[in-house]
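Residue-level listing of the chains:
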Amino acid sequence: MENQIIGIDLGTTFSIVSVYEAGRSQVLRNELGEALTPSIVALSKDGTTLVGTPAKERLLANPKSGVACFKRDMGTDAMYSLSGKSWSPVECSAVVLRELKRMAEQALGTTIGSAVISVPAYFRDTQRLATLKAAEFAGLKVERLINEPTAAALAYGYQRPEEETNILVFDLGGGTFDVTILEIFDGVIEVKASAGESHLGGEDYTDQLSEHLVSKHEIKVATEDSAKWRKAVNTAKCCLSRGDTTTFDFLGQSVSVTREDLDAASAELNTRIRGVLKKCIYDSGMPASEIDQVLCVGGASRMGIVKEIIESIFPGKVNLSVDPDEAIAIGAGVQAALIELNEGVEDIVLTDVSPHTMGVMVSKKRGGVITKGFFSPIIDRNTTLPVSKSEVYSTFHHEQDEIDLKVYQGESRFTKDNHFVGNLKLNGLSHDPNEEQNGGAVEVRFTYDMNGLLEVEATIISTQRKITKVFEQRPGMMDKNDIKAALEKLKPLKIHPRDALPNRYKLERAYGLYEDLIGDDRALLEHFIDRFEHVLGEQDFDQIDSVGESLERFMNQKSPAK
Amino acid sequence: MNIWSELGIECREGLTQKDLKRAYAKKLKGTRPDRDPKGFQQLRKAYECAQLMLRDERYVEDDEEEFVSDTPPVSPPSDHTIPQLGGATAPVELPPLQRMMQAAHDHLREGKIGTALREAFPEIEHYLLSHPSEYRLWSSMLSELYATFPVLLDPVEGWARYIPSETLLVGELQSDQHYVISALTDYAVQRDDFELQKHLAQIIIDHQELLYSPRLVPLSSSLCLALAIPRVTMAKEIGEVAYKRASASSHDSLIVDDAIAFSQATFILERQPRKLWSDILNQRVSAKDIQENETLNYYFRGFLGKIIEDKEMVNFVKRCASYDVIRLINHYRPSLSIPEVAGAKLFNDAYISSATPPQKQVEKKRRSWFKSLICILLILKGFALFSNISKSSKADLDEPTPPTVELAPEYREGLAVMREHSILKRLGERIGMTTTLPLSEEYQERIRIYLEKQAKEGRIRAKHDLQFLMERGVISTESPYESRYADMSAEELSKAKELLSAVDPNLVAKEVKRAKKVEELLEQRLRQKAKEGDKDAERALKFFLINRVSRNMHENQDDE
Ligand SMILES: Nc1ncnc2c1ncn2[C@@H]1O[C@H](COP(=O)(O)OP(=O)(O)OP(=O)(O)O)[C@@H](O)[C@H]1O
Ligand SMILES: [Mg+2]
């Protein structure tokens, strides 16, 4: 189909792409048959940009060569240095998006220009904008940003629109946690409330468990082994979702881990999870007993302790019919179909809410003293989107000519505790108090769109002069030069057979294995690698596959692929 | 268009939420939020309004009952019509929660706090348990109640006693707005009501969810203070939870505020006593490190607040009080909490005392009768001077000059700002004025007179302070009143000033009265003489009047 829109779940640890076809939304796979693309970017020894599994392999061999979990830094000024080059989270996300776009194009045999991308419901304005920017770099037009838990609910609800039910989506991914309560009736999928934390996920459980084990068993982890250690701990954490104990081997030392270890290490995280659940329930105005089912999504929701928390609040309500890894991507695909007005989903309407309160900074005059820094909310959190609301503010004094309208997002009375979104300067407000009645008054209108993005418009009431958005300053945003440089950096390279995904993967895996082996095995492996590199370098297409296969066979003997 | 036609249904008796949903869903298919945002917003508004109206049992049968019972629904009395948006409504009975709140309000207004606490609020409590969805409404009503409560509830204890009631807590915990607790905390802090602060702090500890309330975080610093003095472990508890949360999540609406820093510091303090200070002392950690590193920053500020509680620490402080540290404190000054200010002051004093010579032991307070006697004598002496009776007094005492220290300019500036602040603060307390810069002319003159007087009494520090303030331009070198002295000789001037400063502002009222009498007499006689053409008397009179101006100033301040 022409102009097809794809759905993308751009995760902290894994990303997935999906498409709606023949009445179903389904995930797409790459040449290796993988649906889950690790959200990791790395630079190979020769400076090629690696993404996904090859990047993951590369990272294992050389932790400094790449970066993972960059989604956590979206919307900030964070920078990573990869082999001496400096990369921003937006650029890294762009690389992943480009890879997903490539996967989709390959699987569907068409070019893809636009996408629906899911973001954590609790993402703020700046984080959303950063996601849009990443898509732009990757050559994708974003048709809609959809909240991850909403997408999960859509994945569940689009095939049974007539069901009448109240759903709680519990989304504990690699790096973010969202809880959303929805109501489904007559084909309407209505989000009632969302709450969350943008830095709470499976990776935090891994971190805590790792710390716990290090101090319990007095293990010393050298920097160059850190990635290996983390991988081992992570695997152990996942094993504990199935059994009560597990053992792993780390540089010859056998480390045993129990459910108790994990529970003890994660006590504080679990408290936070309970807090968010509570908040969302209160915000929805629906007693917990009215929730009919709980959808658990995100890989980390598989953990025993997490299941127990859910079970304790919603006994017997967990619905296992959705795939925790794929649900969000599938939902994003459904949203794409909704935008395309696909007839398969014409009976469905989705409404979502704004997860944060939006407002401006005001000063108050109390007892003759002017105090700055109060937050004046304009749009309350959990208001159904889109919404447009306005408030009127005025200057303190008729000689005051300028207002610096600072827009904030958050729940505190004080702006210093909320998030700065951007500012907007207005002037021409001084007036003669005898002549003009509404001299210093400004109407500030906030419009929150379906993507969870804010537009601000200020109108000076006396002159009806309007000023729209154009924030002068937004944290974590790039200027023109940076954008140019980033585009340059991300320019798609001509793909050498060496860089074709399966080959690249084999090579990276081989390099990693090379470091583990010794003696004859190592020498043998070197021989295989040499041959493979040679045929790749010659671009000898007849040979590449067969030589590659023998390399792989050898590697599987020495260390079976997972 | 009214809400019902917007939704495409008729407003009729027995309308259920289900009917409403069905109608809304139907309309929504043609008014999709992304295709027709304007139309959608209108539809949504109508839907939400209608839902609210139906929720109110006044108008329509509870739809749940309809499903549960088989008996036909009882039709509501005919005069209960559903109001239209914007249309006039007939006066209707208040819904239950409002009614109960009204009752509580009435009790309070009549001063029957006990009744409110024993009867009205428990009733609400009971009601809310079975109607959890109304907590929100309730908490907003409570906040209204708060707005009027300083009037309604005096003494505050009545209110404070109500606070631990389960009703309030359940509501507060549910609503996550925490109106009442935050409002009360605000109130307690403003009034310096330590008991109430402690009380609230206890509640927050008992219900840790409250700690997560962003609304409360900025207030918790004073709460921690309230707690920390008698209950260090508790403060630690707050600090630990809040700190962990704040540092582990970037959920930035939870900020590490003074409170957290403070209690965290208390917490760290036990584990690594004085480590930070000794690091600073041994220059392992520089002020710059502290400023740039968030964690050190918290610790530093927390320690600052702890100093006053630890006698031994003071010695450390003295040795750590380098220019850099002073500068750092200076940097934080606008946001320091009360205990931190106290710590900062210690630093400041330690620093200043290392730069100025030790203060001379001030003579014991003279007895008041003696004071007044001197006062009178001096006035008489002043009179005598102008009548050319007395001889000139002996020369000013030689004062030792302070040792000069060679300081780098920026070093000096930092020191100067600190000193300026401390002098003004001290003086402000003494002569009862606010010391925000720039000082008004009157305040400048007051300070000048006060310091001059003290200097005359042999307080070298006062003299230095005065000099210093003038150098800094905090008070002008020229007295605004100086021009009035213009035609006096140098000796007369110094005498006059002596006279001016001699009038002790701390005279007891009786003595002032007596002095006044003498003054009156003096004035009369001076006027008399001046009238008779005595030039000296005329000048003396002028002087006398100026003198009185300053006297009045002191008196006023005594009145305050
Ligand atoms: N069986 C398991 N038991 C416990 N944890 C698991 C299991 N499987 C995966 N995880 C954890 O789930 C996380 C990844 O989940 P998921 O792929 O849903 O996250 P994501 O979509 O990448 O991140 P996010 O949605 O937060 O952006 C990882 O931290 C992983 O360790
Ligand atoms: Mg995810």
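This one's a predicted model, so the numbers in the text were calculated from it and none came from an experiment.

J.: Just to check I follow, could you spell out the overall build of chain A for this structure?
T.: Counting its secondary structure elements, chain A contains 14 helices and 27 strands. Residues classed as buried in chain A amount to 57% of the 562 residues present. For chain A, contacts bridging at least 24 residues in sequence account for 67% of all contacts bridging at least 6. Summed over its atoms, the accessible surface of chain A is roughly 23,200 Å², and 48% of this surface lies on carbon and sulfur atoms.

J.: Explain the overall build of chain B here, please?
T.: Of the regular secondary structure elements, chain B holds 27 helices and zero strands. Burial analysis of chain B (560 residues in total) assigns 48% to the buried set. Counting only contacts in chain B whose residues sit at least 6 apart along the sequence, the fraction spanning at least 24 positions is 69%. Within the structure as shown, chain B displays about 30,100 Å² of accessible surface, and the carbon and sulfur contribution to it stands at 52%.

J.: When you look at the site of ligand 1 in this model, what are you seeing that I'm missing?
T.: Residues and elements named next belong to chain A. The full set close to ligand 1 counts 21 residues, and Thr12, Thr13, Lys71, Glu203 and Ser241 are the nearest of them. Note that an oxygen atom of ligand 1 is positioned 2.8 Å from one of the backbone N or O atoms of Gly299. For ligand 1, whose accessible area on its own is 650 Å², the fraction buried by protein is 92%. In terms of residues, the shell around ligand 1 owes the most to one element, helix α6 (residues 226–239), which gives three residues. Across the shell around ligand 1, the residue classes tally to four nonpolar, 12 polar and five charged.

J.: Would you mind going over the environment of Gln208 of chain A with me for this structure?
T.: Residues and elements named next belong to chain A. Looking at where Gln208 falls in the secondary structure, it is placed in helix α5 (residues 202–217). Residue classification places Gln208 among the partly exposed positions, given a relative accessible area of 26%. Between the alpha carbons of Gln208 and Leu262 there is a distance of 8.2 Å; along the sequence they are 54 residues apart. Beyond its immediate chain neighbours, meaning those up to four positions away, Gln208 contacts Ala265 and Leu269.

J.: Can you walk me through the side chain of Thr206 of chain A in this structure?
T.: With respect to the secondary-structure elements, Thr206 of chain A resides in helix α5. In this view, Thr206 of chain A contacts Arg230, Val233, Asn234 and Lys237 of chain A; residues no more than four positions away in its chain are not counted.

J.: Is there a simple way to think about helix α8 (residues 267–284) of chain A in this case?
T.: Owing to its 3.6 residues per turn, the α-helix aligns residues three or four sequence positions apart on the same side. Residue and element names in this part refer to chain A. The end-to-end C-alpha separation of α8 is 26 Å, in line with the 26 Å expected for 18 residues at 1.5 Å each. The complete set of buried residues in α8 reads Leu269, Asn270, Arg272, Ile273, Val276, Leu277, Cys280, Ile281, Asp283 and Ser284. Once α8 finishes, Gly285 follows within two positions and takes phi at roughly 70°, a positive value.

J.: Help me out: how do you make sense of the sheet that holds strand β7 (residues 66–68) of chain A in this one?
T.: Where strands meet in a sheet, backbone hydrogen bonds hold them as pairs that are either parallel or antiparallel. Residues and elements named next belong to chain A. Here we have three strands laid out as an open sheet, ordered β6-β5-β7, and antiparallel in their pairing. The open sheet has two edge strands, β6 (49–51) and β7, and neither has a second partner. With direction set aside, neighbouring strand axes in the sheet form an average angle of 15°. As defined by bridge partners, strand β5 (residues 40–43) adjoins β6 across three bridges and the pair is classed as antiparallel. Among the inter-strand pairings, Leu43 is bridged to a residue of β6, identified as Thr49. Sheet strands in contact with helix α1 (residues 53–61) are β5, β6 and β7, and its direction is about 65° off that of β5.

J.: Where do I start with a negative patch on the surface in this structure?
T.: On the surface, Glu162, Glu343, Glu346 and Asp347 of chain A cluster together into a patch of negative charge. Mapped onto the elements of the fold, Glu162 of chain A is located in the loop between α4 (148–157) and β12 (165–172).

J.: Even after reading the chapter, I still don't get the packing of α5 of chain A against α8 of chain A, so can you show me in this structure?
T.: The description of two packed helices rests on the angle between their axes and on the distance between the axes. Residues and elements named next belong to chain A. Packing of α5 against α8 brings their axes to within 9 Å, and their N-to-C directions diverge by 155°. Classified by the angle between their axes, α5 and α8 sit roughly antiparallel to one another. Mapping the contact onto sequence places Asp204, Tyr205 and Gln208 in α5 and Leu269, Asn270 and Ile273 in α8. Partitioned by chemical class, the residues of the contact of α5 with α8 number three nonpolar, two polar and one charged.

J.: I keep staring at the nonpolar core and nothing clicks. Help me out?
T.: Proteins that are soluble and globular tend to have nonpolar side chains buried together. Residue and element names in this part refer to chain A. Leu168, Phe170, Leu172, Phe248 and Ile273 are the most contacted members of the largest nonpolar core, which has 40 residues in total. In terms of residues, this core owes the most to one element, α8, which gives six residues. Discounting chain neighbours no more than four positions away, the residues touching Leu172 are Phe177, Leu200, Gly201, Tyr205, Ile273, Val297, Gly298, Gly299, Ala300, Ser301, Met303 and Val306. With 38 residues, the next largest nonpolar core counts Leu10, Met74, Val95 and Leu100 among its residues.

J.: For this particular structure, what's the right way to read unusual backbone geometry?
T.: Glycine aside, residues mostly have negative phi, and peptide bonds are mostly found in the trans state. All names here are of chain A. For the bond from Leu385 to Pro386, the omega torsion is -5°, close enough to zero to count as cis. One can find Pro386 in the loop between β21 (369–379) and β22 (387–394). You will see that Cys69, though not glycine, has its phi angle at about 60°, which is positive. You can see Cys69 is positioned in the loop between β7 and β8 (80–82).

J.: Is there a simple way to explain the state of the cysteines in this structure?
T.: Between two cysteines, a covalent bond joining their sulfur atoms is known as a disulfide. Residue and element names in this part refer to chain A. All told, the structure shown has zero disulfides over all chains when counted by the stated rule. Not engaged in a disulfide, the cysteine Cys238 finds its nearest cysteine sulfur in Cys239; these two sulfurs lie 7.2 Å apart. The exposure class of Cys238 is partly exposed, given its relative accessible area of 35%.

J.: Quick question: what am I supposed to make of the confidence of the model for chain B here?
T.: Interpretation of this model should avoid reading the predicted coordinates in detail wherever pLDDT is low. Residue and element names in this part refer to chain B. A residue-level look at chain B finds 23% of positions with pLDDT of 70 or above and a mean pLDDT of 58. Confidence, expressed as mean pLDDT per element, reaches its minimum in chain B at helix α4 (residues 63–68) with 33 and its maximum at helix α2 (residues 17–30) with 91. Contacts for the low-pLDDT stretch residues 57–92, under 50 throughout, to residues beyond four places or in other chains number 36 contacts. Segment residues 500–512: pLDDT under 50, and 28 contacts once partners within four positions in sequence are set aside and those in other chains are kept. Here the predicted complex scores 0.57 on pTM and 0.81 on ipTM.

J.: Before we go on, may I ask you to explain the pairing of strand β24 (residues 419–426) of chain A in this structure?
T.: Residues and elements named next belong to chain A. The buried count for β24 comes to six of eight residues, which makes it a mostly enclosed element. Pairing between strand β23 (residues 403–409) and β24: seven bridges, direction antiparallel. Looking at the pairing, Val407 lines up with Gly422 of β24.

J.: It is not clear to me how the sheet that holds strand β26 (residues 454–460) of chain A should be interpreted in this structure. Could you clarify?
T.: All names here are of chain A. Pairing is antiparallel in the open sheet, where four strands are placed in the order β22-β25-β26-β27. The two strands at the open ends of the sheet, each matched to only one other strand, are β22 and β27 (465–468). In this sheet, neighbouring strand axes are inclined to one another by 20° on average, regardless of whether the strands run parallel or antiparallel. The pairing of β22 with strand β25 (residues 441–448) spans eight bridges and is classified as antiparallel. By the bridge assignment, Val387 is partnered in β25 with Tyr448.

J.: Sorry if this is basic, but what is going on with the pairing of strand β1 (residues 5–10) of chain A here?
T.: Consecutive residues of a regular strand have side chains that alternate between opposite faces of the sheet. Residues and elements named next belong to chain A. Burial of β1 is extensive: six of the six residues sit out of reach of the surface. Where burial is concerned, the two faces of β1 agree: the one with Ile5, Gly7 and Asp9 and the one with Ile6, Ile8 and Leu10 are both buried. Pairing of β1 with strand β10 (residues 114–119), which is carried by five bridges, proceeds in the parallel orientation. Bridging from a neighbouring strand, Ile8 pairs with Ile117 of β10.

J.: Can you walk me through the pattern of salt bridges in this structure?
T.: For side chains bearing opposite charge, pairing can occur when the charged atoms are close. Here the structure, examined in full by the defined rule, presents 29 salt bridges over all chains. Note that Lys18 of chain B and Glu164 of chain A form a salt bridge whose closest N and O atoms lie 3.8 Å from each other. Here Lys18 of chain B, found in helix α2, pairs with Glu164 of chain A, found in the loop between α4 and β12, and the two come from separate chains. Given a relative accessible area of 33%, Lys18 of chain B falls into the partly exposed group. Between Glu183 of chain A and Lys21 of chain B there is a salt bridge, and its shortest N-O distance comes to 2.3 Å. Separated into two different chains, Glu183 of chain A in strand β13 (residues 177–185) and Lys21 of chain B in helix α2 make up a pair that spans both. What you see here is one network of salt bridges that share partners, running through Glu183, Glu190 and Lys192 of chain A together with Lys21, Arg44 and Glu48 of chain B.

About the thresholds
Residues numbered from 1 in each chain as written. Chains lettered and ligands numbered in written order. Predicted model: local features only at pLDDT ≥ 70, side-chain atom pairs only at ≥ 80, totals over all residues. Heavy atoms only, no water. Helix = DSSP H or I, 4+ residues; strand = E, 2+ residues; numbered from the N terminus. Buried < 20%, exposed > 50% of the residue type's maximum accessible area, 1.4 Å probe, protein only. Contact = heavy atoms within 4.5 Å. Areas by Shrake-Rupley, 256 points an atom, 1.4 Å probe, with all protein chains shown as cover. Near = heavy atom within 4 Å. Polar contact = N/O pair within 3.5 Å; in protein donor to acceptor, adjacent residues only side chain to side chain. Nonpolar A, V, L, I, M, F, W, Y, C, P; charged D, E, K, R; others polar. Expected span 1.5 Å × (residues − 1). Pairing = 2+ DSSP bridges. Axes fitted to C-alpha atoms, helices over the stretch in contact; angles between N-to-C directions. Patch = residues over 30% accessible without salt bridge, like charges linked within 9 Å, V, L, I, M, F, W, Y side chains within 5 Å. Salt bridge = Lys/Arg side-chain N within 4 Å of Asp/Glu carboxyl O. Lys, Arg positive; Asp, Glu negative; His and termini not counted. Charge placed at Lys NZ, Arg CZ, Asp CG, Glu CD. Parallel < 35°, antiparallel > 145°, perpendicular 65-115°, else oblique. Core = buried A, V, L, I, M, F, W, Y, C linked by side-chain atoms within 4.5 Å. Disulfide = S-S within 2.5 Å. pLDDT = per-residue confidence, 0-100.

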